[in-house]
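# A look at the structure
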Amino acid sequence: MSIFLFGISHRSAPVPILERLAVTDTDRPKLIEDLLDSPQISEAMIVSTCNRVEVYAVVDAFHPALEAVGEVMGRHSGMTVNEMTKYAYVRYSEAVVEHLFSVAAGLDSMVVGEQQILGQIRSSYASADANRSAGRVLHELAQQALRVGKRVHSETGLDRAGASVVSVSLERAKGVLGGEIGSAVVFGAGAMGGLAAAHLARAGVTDLRVVNRTFEKAQHLAANVTKNHGVNARAVEMDDLTDALAGADVLVTCTGTIGTVVGVGEVHSALARRTAPGPLVICDLGLPRNVDPAAGRLPDVHIIDIEGLRGDEGTKAADADEVAARDIVLAELADYLTHQRQAEVTPTVTALRQRAAEVVQAEMLRLESRLPGLDDPQRDEVAKTVRRVVDKLLHAPTVRVKQLASTPQGDHYAEALRELFELKPGAAESVSAPEVGLGETDTHGKAR
């Protein structure tokens with residue numbers, strides 16, 4: 001059994017694709033049920049946020065699992081497998097663990113270091129547990145991922161990374177303008193857009209416009225800024241972006257869209273209607289870029305982007321925190337894999353010791369038939385002696401095989417033990433299976 005991941009996120013797909021694949025709390029139970037109907041899948045969990053949809057599953061084999069998950073998500077989204085493949089990423093085995101640990105740490109978020117994803121993973125696991133679709137493997141994986149996320153936030157300053165990028169870019173914008181920012185437009189109403197709006201409000205902006213593909217989200221962010229900061233903020237339809245730019249000192253773009261959302265033509269039109277004094281500064285905080293770089297060649301337009309911020313002293317600390325967070329993820333990944341490999345060899349060791357105990361018992365019965373005159377103390381002493389000999393012979397190889405199991409390809413040593421001692425293949429597996437009440441199965445006939 002291995003762990004499988006099928007995912008689509010803001011890094012791989014545009015917003016319209018994410019919206020088609022979005023999984024609500026109402027959708028999730030039925031999708032989980034459909035996934036578990038596949039004989040290739042024994043456990044399943046779906047993590048769904050506004051920026052990602054990821055299916056985690058415990059599977060027998062890669063290709064049949066990919067086909068099964070693709071079929072279920074295709075029915076849900078109305079997309080063909082080929083359509084989804086353009087935007088999806090697939091991980092298997094150890095790569096799944098590393099990915100989920102990185103997601104939990106906030107390293108894969110639009111705003112690096114944001115902690116909201118931890119609650120979303122916790123909610124996804126709780127849903128899988130309530131639907132009885134998370135067994136031992138996903139339970140251990142999810143719990144460890146949550147611990148990794150908490151450790152990253154407690155031991156690094158990664159949660160300040162997104163805010164550092166916003167604050168540094170706005171300080172540079174002030175330098176270009178030669179003073180304060182009077183009016184601004186924020187394109188994007190997600191987590192980064194919220195950060196940008198808050199920083200602009202604290203920086204003394206008196207007039208703020210919020211633009212978003214979903215107008216209701218723009219309205220929500222604008223209302224929050226007005227309520228919390230007392231700034232004149234209002235939502236603007238995308239069709240009115242040019243007019244908003246004409247009167248703005250600064251444009252901050254921070255959407256999860258793949259490809260440009262602000263073209264050179266729109267900026268050129270805004271310049272033609274320009275009412276604000278001074279240059280237009282564009283802070284393009286999107287990854288990938290949200291603004292066509294050619295706009296920076298227009299007169300009185302200055303673009304500040306992520307690449308240009310990397311050498312700034314204000315972002316170096318954030319870079320160091322990101323490196324520290326990735327180091328924690330890699331260390332936790334190594335510990336997790338070591339534990340899993342050792343756990344996998346434990347059933348083989350248990351089966352070997354059981355086999356040795358059976359041999360000792362058989363030989364003691366044989367001895368009693370040949371020496372019926374042995375009294376109980378003598379028989380007990382002989383039995384203890386034989387067991388001590390067996391234990392001493394098995395001690396070194398069983399300890400060593402557990403140590404070797406933590407290395408890459410460590411499962412080969414357990415396989416060698418099974419072959420050398422003629423252990424039944426099913427014996428080890430039965431010992432490692434989760435404890436199940438007698439005859440207890442889930443609604444899909446799979447043991448729980």
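Predicted model only: the values in this text are computed from it and were never measured.

## A short note on unusual backbone geometry
- If you check the backbone angles, Arg132 has positive phi at about 60° while not being a glycine.
- Take Arg132: it is sitting in the loop between α6 (116–130) and α7 (136–155).
- In this structure Arg132 comes out as partly exposed when scored by relative accessible area, which is 33%.
- Within the chain, Asp300 stands out as a residue other than glycine whose phi angle is a positive 65°.
- Mapped onto the secondary structure, Asp300 falls in the loop between β9 (280–284) and β10 (301–305).
- Look at Asp300 and you get exposed, because its relative accessible area is 53%.

## Let's talk about the sheet that holds strand β2 (residues 41–49)
- Judged by pairing direction, the sheet is antiparallel, and its four strands sit side by side in the order β2-β3-β1-β4 without closing on themselves. Two strands bound the open sheet, and with one partner strand each, they are β2 and β4 (89–92). Neighbour to neighbour, the strand axes of the sheet diverge by 15° on average, direction disregarded.
- Relative to strand β3 (residues 52–59), β2 runs antiparallel, the two sharing eight bridges. Residue pairing for β3: Ser48 is matched across the bridge by Val53.
- Along the sheet face, helix α3 (residues 62–77) touches β1 (2–9), β2, β3 and β4 and points at about 40° away from the line of β1.

## A short note on the environment of Arg122
- Counting through the fold element by element, Arg122 comes out in helix α6.
- By relative accessible area, which is 38% here, Arg122 ends up partly exposed.
- Separated by 20 residues in the primary sequence, Arg122 and Ala142 have C-alpha atoms spaced 7.7 Å apart.
- Here Arg122 is in contact with Leu146 and Lys150, once residues within four sequence places are set aside.

Scoring rules and cut-offs
Per chain, residue numbering runs from 1 following the sequence as it is written. Per-residue local features are limited, in this predicted model, to residues with pLDDT of at least 70; the limit for side-chain atom pairs, both in listing and counting, is 80 or more; totals at the level of whole chains, interfaces and linings are taken over all residues. The basis for every side-chain value is the complete set of heavy atoms in the structure, and neither hydrogens nor water enter the calculation. Numbering of helices and strands runs from the N terminus, with a helix taken as a DSSP run of H or I at least four residues long and a strand as a DSSP run of E at least two residues long. Burial classification: accessible surface area is computed with a 1.4 Å probe over protein chains only, and a residue below 20% of its type maximum counts as buried, one above 50% as exposed, and the rest as partly exposed. By this definition, two strands are paired if DSSP reports at least two bridges between them. Here an axis means a line fitted to C-alpha atoms, over the contact stretch when the element is a helix, while the angle between two N-to-C directions is reported on a 0 to 180 degree scale. We call two residues in contact whenever any of their non-hydrogen atoms come within 4.5 Å of each other.

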